[in-house]
Every structure is written in structure tokens, then in C-alpha cells.
Amino acid sequence: MNLLTLRQSKTQSKTQSNTGLRSGVVLAALALALAGCGTTAGASPDDAAGAAEPAGQNVTLTDGWVKAADSGMSAAFGELTNAGPDDVTVVSATTEASSMLELHETVENESGEMIMREIEGGFVIPAGDTLTLEPGGSHIMLMDLTDPLEAGEEVTFILTFADDSTFEFTAPVKDYSGANENYVGGDAEMDMGDADHGADSSTDSTGTDG
Amino acid sequence: MTRPGKSVSSGRAGSTRRQFLLGGAVAGVGAAAAIGADLAVSATTDGPAAEPAALNGEQTVRFYGAHQAGIDTAAQANGLFVALDLLDGTTREDLVRMMRILTDDAARLTQGSPALADSEPELATVPARLTVTFGFGPRFVARARGIAPGWLKALPAFAVDRLLPEFSDGDLLLQIAADDPLAVAHTARMLLKDTRSFASVRWSQQGFRRAHGSVRPGTTMRNLFGQVDGTSNPAPGTADFDQVVWNDDGWLAGGTSAVVRRIGMDLDKWDRLDRGGREQSVGRYLSNGAPLTGTDEFDEPDFEATTPIGFPVIPEFSHVRRARSENTAERIFRRGYNYDDRPIGEAVSLSGLIFVSFQADVDRQFVPIQKRLDQLDLLNEWTVPIGSAVFAIPPGCAEGGFVGETLLT
């Protein structure tokens with residue numbers, strides 16, 4: 001079980017019967033095992049589902065929105081729901097609004113600080129479950145805006161899944177004071193507003209501006 | 001239903017020394033338990049019909065529709081009126097983006113769902129009949145490069161006016177109303193966050209009526225003079241109301257106009273007037289709002305009736321006489337709120353009425369009434385208009401559309 005799945009069991013508890021216990025496990029896992037963050041995204045669960053429907057057909061996005069920004073970086077949020085019988089993995093995203101996108105997760109580093117970084121292997125959306133992309137959590141990162149993103153604009157994204165299927169959605173741009181994605185010292189350190197971290201957390205970030 | 005009250009008092013009477021030593025918390029728990037037990041008993045004896053009443057906080061008013069909500073909606077307990085000035089650079093295209101965002105916010109919040117990017121989603125879950133109504137001032141329509149109705153401008157100057165710019169005019173009106181003040185505050189915060197790229201707050205006026213559940217629904221409101229205020233309103237849902245309120249012209253078809261005037265009320269001076277004088281000034285009884293020629297609030301005033309010595313029972317100078325026109329087209333729908341601000345200096349009140357009226361055509365319906373009141377209305381002795389603004393209220397929209405689309409697309 002990877003961290004994102006654990007995160008799901010924490011925040012999307014309706015499908016889980018032992019929520020309280022799981023939450024405890026999540027916290028323990030986060031506290032103990034963060035040195036091993038690189039292992040968080042394991043093998044894609046949908047690898048074996050050869051006969052399954054294309055992932056893109058089973059995924060929907062609700063309440064999507066993108067943070068307004070004049071230039072540089074921004075982020076997209078929303079709730080990705082997988083109505084299919086198999087877990088699916090989002091491996092990449094594209095939009096005309098940014099020349100480069102990354103799928104980011106928020107994890108705690110060895111110092112107990114929350115850091116943003118590109119997720120290895122992509123976003124896993126468990127079968128019949130919802131992955132919430134939100135400020136302070138996982139999000140789609142627009143690394144280099146081609147034009148200012150102005151409130152009320154609509155931005156179209158295309159998500160690509162591990163099985164090469166795609167899903168297109170459109171989300172409005174909103175002014176939002178949180179979710180402040182900033183590089184600090186040229187490092188891929190993201191300040192997501194409510195994710196508190198210190199100056200040295202960049203040492204735990206993976207390079208994302210390559 | 002006096003049972004819960006009784007059990008509370010019996011619980012208190014039976015409190016022991018031990019409860020006393022342990023403090024109020026234990027007594028409180030005991031009392032609560034007693035109430036719970038009592039309610040459980042009455043629930044079982046009353047049978048299946050005794051389901052708990054739905055919370056008013058869960059009540060919603062439909063957002064989408066031919067007309068915007070918040071006009072023919074039974075007035076909620078709390079009303080907030082915010083006028084914004086468009087920023088200099090805000091273009092027609094910007095207005096489209098702004099109204100799309102604001103429409104989406106309002107559509108979600110009025111139905112008890114957080115807005116997109118709502119940083120306090122928990123505050124969105126108690127809508128309490130929340131409505132959001134948008135209005136456009138003259139400059140909004142000009143920026144939209146639309147054709148403004150002739151009446152969309154500042155009202156003519158009235159002799160009684162002492163207007164302050166901080167309560168007058170504006171490009172965009174947000175009328176936010178709900179039976180819960182927290183719902184109003186959160187909605188205002190959310191909407192205003194989403195206007196920051198396009199506009200800035202010009203004025204804001206907070207008003208109130210009686211709290212939800214304090215009086216029977218449909219009870220005409222009382223203002224801070226103690227008067228029943230709004231008796232002659234046409235009733236929503238009637239052809240009469242539709243004719244008075246809804247405009248049917250161009251992009252405003254299905255919309256209306258709003259006049260928002262801040263009327264200062266001199267409560268100290270009003271205090272010096274005896275009850276008879278107060279009733280004469282309005283032409284209605286204070287007890288129930290009945291005209292001085294009638295007994296029921298909704299009795300038609302008889303302006304011909306005279307006293308034994310030949311004076312009109314309803315004085316010529318009274319508010320009800322002066323506001324009434326022979327021309328039945330000169331009628332409006334009032335939906336105002338009281339305000340009670342922090343007093344200044346030696347005064348003990350700074351109170352009044354946020355006068356709000358909706359009418360299809362300001363010049364045809366509102367202005368003639370106000371002209372008559374300006375010339376003569378004894379109530380002018382105790383009231384002074386200190387703010388005034390006129391807005392075009394566009395029609396509602398269907399899901400997927402946005403308020404203002406008839407002007408902006």
C-alpha cells in the first residue's frame with residue numbers, strides 16, 4: 001500500500017470500515033517511514049488489468065479549479081473519482097496553459113516537515129474511490145505558465161493513465177491566497193501556504209525543474 | 001410544550017450537595033439528561049408523527065430559474081448589501097469571467113455546498129435559506145457595452161436627501177440574505193474574495209429583521225419606530241406582484257430594478273412624539289398596522305373618512321396617504337431591513353432602515369412616490385435619506401449559464 005492510498009483511506013473514509021484504525025496507521029506510517037518516501041508509489045495496481053476498460057473512461061473530475069497566477073507556477077485541484085473496478089494511475093497531465101506539468105504530492109520529510117514533490121509513478125485512484133487534489137495535498141502542478149491565468153478563465157487539462165488512455169476536463173481559474181507555489185533558492189521547494197516547512201526542507205525535495 | 005422546562009427546574013431543585021461541589025457541569029448534564037428522557041417519553045407517546053422538525057439551517061432556496069432569488073423569496077432574517085466599484089481596467093470580457101465565478105459561488109453556497117476553493121467549507125453547510133442577488137449599476141452596463149434602461153441612474157435629487165457618497169451609488173450590488181448571520185458573512189467573504197481582481201468594495205450595509213421562528217412566516221416586518229412596515233406590498237406569486245416587479249424589456253426581461261436607500265431614523269426625536277402623533281404621522285395603528293379607518297392590517301385605508309368635526313381620519317400629511325397614488329402603476333415591492341449601528345458621541349442610537357424596493361421601472365413606479373413623499377410626508381420629520389443607489393437586477397439563469405449573460409453574451 002502506498003502513501004497516497006493510505007491518504008485516501010484517511011480522507012475518503014466512507015468506503016473503509018476501520019477508519020479510526022487506518023488513520024492511526026497513516027500517522028504512524030508517516031512518522032516512521034518517511035525516509036523511504038521514494039518507495040511511496042509502488043507498482044501501478046492496474047498493470048495487470050489487461051482486459052480492463054480504459055482507465056480514462058471510468059474517471060471523472062468534480063469541483064476542479066486552478067489557482068490564478070500572473071506567471072510562473074500554479075496548481076490545479078479537484079476530486080478525481082474512479083468508478084471502475086480496478087485501481088487506475090494518472091501518469092501525466094498536459095494543458096496549453098503551461099509548458100510543463102508535474103503531479104505533486106505532499107509528504108512529511110525526516111524532519112517532520114511537509115514538503116511538496118513530484119510523485120513517483122503518478123496518482124493512484126483506487127477502484128471505486130476518490131482522490132482529492134487540494135491545497136496542502138496532492139495537486140497537478142503547472143510549472144511554467146504560458147500566459148497569465150486570470151480568475152474566471154477555463155483551463156482544459158488532459159490526464160494520461162498508465163494504460164495510455166486519457167481523460168479531458170476543464171476547470172475554472174480562481175483567485176486564491178493559499179497554495180503558494182514558490183521555488184526557494186532555485187530548488188523545487190513548494191510553499192503550499194498551509195504546509196509549514198523550514199528553510200532546509202529543500203534538501204529533501206527531488207529536483208523538479210529539470 | 002412546557003415539559004422540558006419543567007424537567008429543567010425539577011432537575012435543579014433536586015441538585016445535591018455533591019453536584020454543588022462538583023460544579024455546574026454535573027448539574028448541566030443532569031438537566032440535559034432529564035430533558036432527553038422527557039423528550040423521549042413524549043416522542044413515544046406522540047407516535048410516529050413526532051419526527052424532529054427539519055432544521056431551518058438546512059433549508060435552501062432554489063438558485064437557478066427565470067428570476068434571481070432573493071426578490072420574491074420570503075425575506076430572510078439577515079440581509080447584507082454590498083456595492084462594488086469596478087476597477088479601472090475591468091473590461092467586458094472581465095465582467096463575463098467575474099459573473100461566471102460569482103454565479104458558480106452563489107449556486108453552490110445557496111445550496112449548502114462550499115464554493116470552489118472555499119477555505120472555510122464548514123461554514124457553507126448551513127445555508128438557512130441563503131440567497132444571493134446580483135445587481136448592475138450604470139457603469140457596469142456601460143462597461144458591458146449594453147443599453148441601459150433610462151431609469152438606471154442616480155435618482156433625482158430630493159429636498160429631504162442628505163446623501164453620503166459612502167452609502168450611495170455603485171457598479172455591482174450583492175444582496176446576500178439568509179436566516180443565519182454566519183451564512184451571510186461567509187458568503188460575503190467568499191464572493192468578495194472572488195471580486196478582488198475586478199472590483200473593490202464601495203459600501204456595505206448590514207440589516208436585520210426578526211430572527212427566524214420568532215414570528216409566524218409572512219408577518220409584515222416592523223421597523224425601529226415600531227411601525228408595521230410593508231403592509232401594502234403585492235404578494236409574491238400573484239399576477240399583481242409579477243406586474244409590479246418583473247421587467248420584460250431586452251436583456252432585463254425577467255429581471256427588475258432595485259432602489260437601495262439608507263434612511264436614518266431619529267429615534268431620540270421619535271421618542272418625544274406621543275402614540276397618537278406617531279399613528280397620525282403614518283396613518284396606521286402601531287398595534288397591528290391597520291389603517292386608522294380600519295381594524296385589520298390589510299384593510300384598505302379609507303381616505304374619505306372624516307372625524308365628527310370634519311377632518312380626515314387619515315391625515316393628508318400621513319405617510320400612507322402620501323405614498324398612495326391614484327395611479328395603480330405607481331407601486332413598488334419593498335424588502336427592506338433595519339440597521340442599528342454603533343452610536344456616535346452622546347447619542348444612544350444610530351439606527352434606521354435599509355430601504356429596498358423592487359419595481360419593473362424606477363422612473364414610472366418609484367420616483368413619483370418619492371416625489372410625493374419629498375413634498376409632504378410627516379414622517380420626514382424623523383427620517384433622513386443618507387444613502388441612495390439604483391441597480392438593474394438581471395434575470396436569473398439556468399444551470400450552466402450565469403447571471404448577467406443576457407447583457408454580456
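Given the structure is predicted, the values throughout are model-derived calculations rather than measurements.

### Some thoughts on the overall build of chain B
Across its full length, chain B carries 12 helices and 9 strands. Among the 409 residues that make up chain B, the fraction classed as buried is 42%.

### Observations concerning the overall build of chain A
Helix and strand counts for chain A come out as 3 helices and 10 strands. Buried residues in chain A amount to 42% of all 210 residues.

### Some points on unusual backbone geometry
All names here are of chain A. The phi angle at aspartate 63 is positive, at roughly 55°, despite the residue not being glycine. For aspartate 63, the location among the structural elements is in strand 1 (residues 59–67). Of the residues examined, aspartate 63 has 18 C-beta atoms within 10 Å and is grouped as partly exposed.

### Brief notes about the packing of helix 4 (residues 92–110) of chain B against helix 6 (residues 181–193) of chain B
Residue and element names in this part refer to chain B. Between helix 4 and helix 6, whose axes approach to 10 Å, the crossing angle comes to 160°. Taken together, the axes of helix 4 and helix 6 lie roughly antiparallel to each other. Here the hand of the crossing between helix 4 and helix 6 comes out right-handed. Mapping the contact onto sequence places Leu102, Asp105 and Leu109 in helix 4 and Thr187, Met190 and Leu191 in helix 6. The residue makeup of the contact of helix 4 with helix 6, split by class, is 4 nonpolar, 1 polar and 1 charged.

### Re the nonpolar core
Soluble globular proteins: nonpolar side chains tend toward being buried together. Ranked by internal contacts, the top residues of the largest apolar core, which has 126 residues, are A:Ala76, A:Ile140, B:Leu172 and B:Leu173. Considering each element in turn, this core owes the most residues, 7 residues, to helix 4 of chain B. Ignoring sequence-local partners within four residues, the contact set of A:Ala76 consists of A:Gly64, A:Val66, A:Leu133, A:His139, A:Ile140, A:Leu142, A:Phe157 and A:Ala171.

### Some points on the interface of chain B and chain A
The partner chain A presents 11 residues to the 12 residues of chain B that form the contact. Top contributing element to the side of chain B that touches chain A by residue count: helix 4 of chain B, with 5 residues. Split into classes, the residues belonging to the side of chain B that touches chain A amount to 4 nonpolar, 2 polar and 6 charged.

### Re the pairing of strand 2 (residues 131–136) of chain B
Residues and elements named next belong to chain B. The buried fraction of strand 2 is high, at 6 of 6 residues. Alternating positions in strand 2 separate into two faces, Thr131, Thr133 and Gly135 on one and Val132, Phe134 and Phe136 on the other, with burial throughout. As defined by bridge partners, strand 2 adjoins strand 3 (residues 172–178) across 6 bridges and the pair is classed as antiparallel. Its bridge partner being in strand 3, phenylalanine 134 is matched across the sheet by leucine 174.

### Overview of helix 11 (residues 362–375) of chain B
Since one α-helical turn is 3.6 residues long, residues separated by three or four positions face the same way. Taking 1.5 Å as the rise per residue, helix 11 of chain B with 14 residues should run 20 Å; its terminal C-alpha atoms sit 18 Å apart, in good agreement. Buried within helix 11 of chain B we find B:Val362, B:Gln365, B:Phe366 and B:Gln370.

### Let's talk about helix 4 of chain B
Taking 1.5 Å per residue as the helical rise, helix 4 of chain B with its 19 residues ought to reach 27 Å, and the 26 Å between its terminal C-alpha atoms agrees with that figure. Buried within helix 4 of chain B we find B:Leu95, B:Arg97, B:Met98, B:Met99, B:Arg100, B:Ile101, B:Leu102, B:Thr103, B:Asp105, B:Ala106, B:Leu109 and B:Thr110. Along its buried surface, helix 4 of chain B packs onto strand 10 (166–174) of chain A together with strand 2, helix 5 (138–143), helix 6 and helix 12 (405–408) of chain B. Of the residues trailing helix 4 of chain B, B:Gly112 is marked for its positive phi of about 85°.

### A word on the environment of B:Leu116
Within the secondary structure, B:Leu116 is located in the loop between helix 4 and strand 2. The class of B:Leu116 is buried, set by 22 C-beta atoms lying within 10 Å. Residues B:Leu116 and B:Ile101 lie 15 residues apart in sequence; the distance between their C-alpha atoms is 9.1 Å. With near-sequence residues (within four places) excluded, B:Leu116 lies in contact with A:Asp63, A:Trp65, A:Pro172, A:Lys174 and B:Asp104.

What counts, and at which threshold
Residues numbered from 1 in each chain as written. Chains lettered and ligands numbered in written order. Predicted model: local features only at pLDDT ≥ 70, side-chain atom pairs only at ≥ 80, totals over all residues. Helix = DSSP H or I, 4+ residues; strand = E, 2+ residues; numbered from the N terminus. Buried ≥ 20, exposed ≤ 12 C-beta atoms within 10 Å, placed from the backbone. Axes fitted to C-alpha atoms, helices over the stretch in contact; angles between N-to-C directions. Parallel < 35°, antiparallel > 145°, perpendicular 65-115°, else oblique. Left-handed = near helix turned anticlockwise from the far one by under 90°. Contact = placed C-beta atoms within 7 Å. Nonpolar A, V, L, I, M, F, W, Y, C, P; charged D, E, K, R; others polar. Core = buried A, V, L, I, M, F, W, Y, C linked by C-beta atoms within 7 Å. Pairing = 2+ DSSP bridges. Expected span 1.5 Å × (residues − 1).

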